[in-house]
Amino acid sequence: MSQNPTKFVEALAHFKLNWQVEARPIFTFDNEGKPLAIEDSKSIVRKDIGMPLSVVGKRYLPLQNDAAADIVDGVLAQSGGEYVNGGGFGYGRRVYVQAKLPENITVKGRDPSEKLLTFVTSHDMTTQMLMGFTAIRIVCQNTYAMAVKNLVKQIVIRHTNSATDKLQTVQNILESQLVYFRELELKANWLADQRFTDLQMDLAMRKVLGVGREETDIPTRTKGIMDQLKENFIAGRGIDESNRGTAWAAFNAFSEYT
């Protein structure tokens with residue numbers, strides 16, 4: 001039986017994200033060494049460790065990690081699934097939680113990709129509170145950035161006390177789920193039908209890594225990356241005879257390396 005949480009507040013505790021933030025005044029010193037408050041700004045501080053996360057304007061109102069718990073749980077209750085991933089970067093300046101939904105996207109009937117409900121927020125104003133769907137499991141800052149790029153096209157969560165507004169947000173997110181995963185599955189299977197030769201892969205690697213088409217004196221580190229990408233292209237995760245040598249294999253080669 002799974003031990004993964006099915007409630008958002010439980011997930012925050014499970015992934016050690018159940019701390020709070022607060023706004024605190026910022027001080028400098030005058031010419032006589034006396035503390036002097038900076039009136040137009042304040043600091044957002046993580047309360048449990050006292051770590052300043054950002055400097056904001058005096059009217060900024062911080063939102064806690066659990067501010068949208070009822071909305072996130074509302075979506076999961078209708079979609080099904082459980083919370084499987086969560087964490088943060090920069091002492092919690094950026095926070096994420098992901099839930100795995102039932103069933104998978106399947107490419108060519110064999111290669112599965114997870115359907116993930118993803119929630120992100122920040123305490124340094126790098127992103128709004130966002131929620132939506134992605135097949136990208138966040139494991140590092142690169143995959144976090146990739147996931148956020150997807151979510152920006154989906155739903156911004158605005159904190160509200162209105163039950164009607166919350167229900168509408170849940171419905172909007174659920175509708176975006178159907179569109180997103182249907183389009184993703186179509187695109188993935190289309191890529192798996194497109195032949196992608198070794199020459200095309202070489203040109204793609206050179207384009208991405210900034211290596212000239214005729215350049216032979218390639219730095220050792222860059223050559224190592226290219227060798228890893230080639231290996232991923234041939235025998236990386238999810239690559240088999242059903243999709244080897246296709247654009248989908250190339251996409252996965254770069255994704256796995258990233």
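Structure: above.
Residues numbered from 1 in each chain as written. Predicted model: local features only at pLDDT ≥ 70, side-chain atom pairs only at ≥ 80, totals over all residues. Heavy atoms only, no water.

What to know about helix α2 (residues 69–79)
Along α2, the residues that are buried comprise Ala69, Ile71, Val72, Asp73, Val75, Leu76 and Ser79. In this structure, the buried residues of α2 make contact with α1 (8–14), β4 (82–89), β5 (94–107), β6 (111–122), β7 (130–134) and α4 (163–192). (Buried < 20%, exposed > 50% of the residue type's maximum accessible area, 1.4 Å probe, protein only. Helix = DSSP H or I, 4+ residues; strand = E, 2+ residues; numbered from the N terminus. Contact = heavy atoms within 4.5 Å.)

Focus: the sheet that holds β7
The strand order β4-β5-β6-β7-β8 describes an open sheet built from 5 strands, whose pairing is antiparallel. Two strands lie at the open edges of the sheet, namely β4 and β8 (155–156), each paired on one side alone. Examined bridge by bridge, β6 and β7 share 5 bridges and lie antiparallel to one another. Residue pairing across strands places Phe119 opposite Met131, the latter belonging to β7. The sheet contacts of helix α3 (residues 141–151) involve β4, β5, β6, β7 and β8, and relative to β7 the element is tilted by about 100 degrees. (Pairing = 2+ DSSP bridges. Axes fitted to C-alpha atoms, helices over the stretch in contact; angles between N-to-C directions.)

A short note on the sheet that holds strand β2 (residues 35–46)
The 3 strands are arranged β1-β2-β3 in an open sheet whose pairing can be described as antiparallel. A single partner strand is all that each edge strand has here, and the edge strands are β1 (21–29) and β3 (51–57). Strand-to-strand twist in this sheet, taken as the mean axis angle between neighbours without regard to direction, amounts to 45 degrees.

Here's the deal with the environment of Val21
Mapped onto the secondary structure, Val21 falls in strand β1. For the pair formed by Val21 and Ser43, sequence separation is 22 residues and the distance between their alpha carbons is 9.9 Å. Apart from residues no more than four positions distant in its own chain, Val21 is found in contact with Ile44, Val45, Arg46, Lys47, Leu53, Pro62, Leu63, Gln64 and His123.

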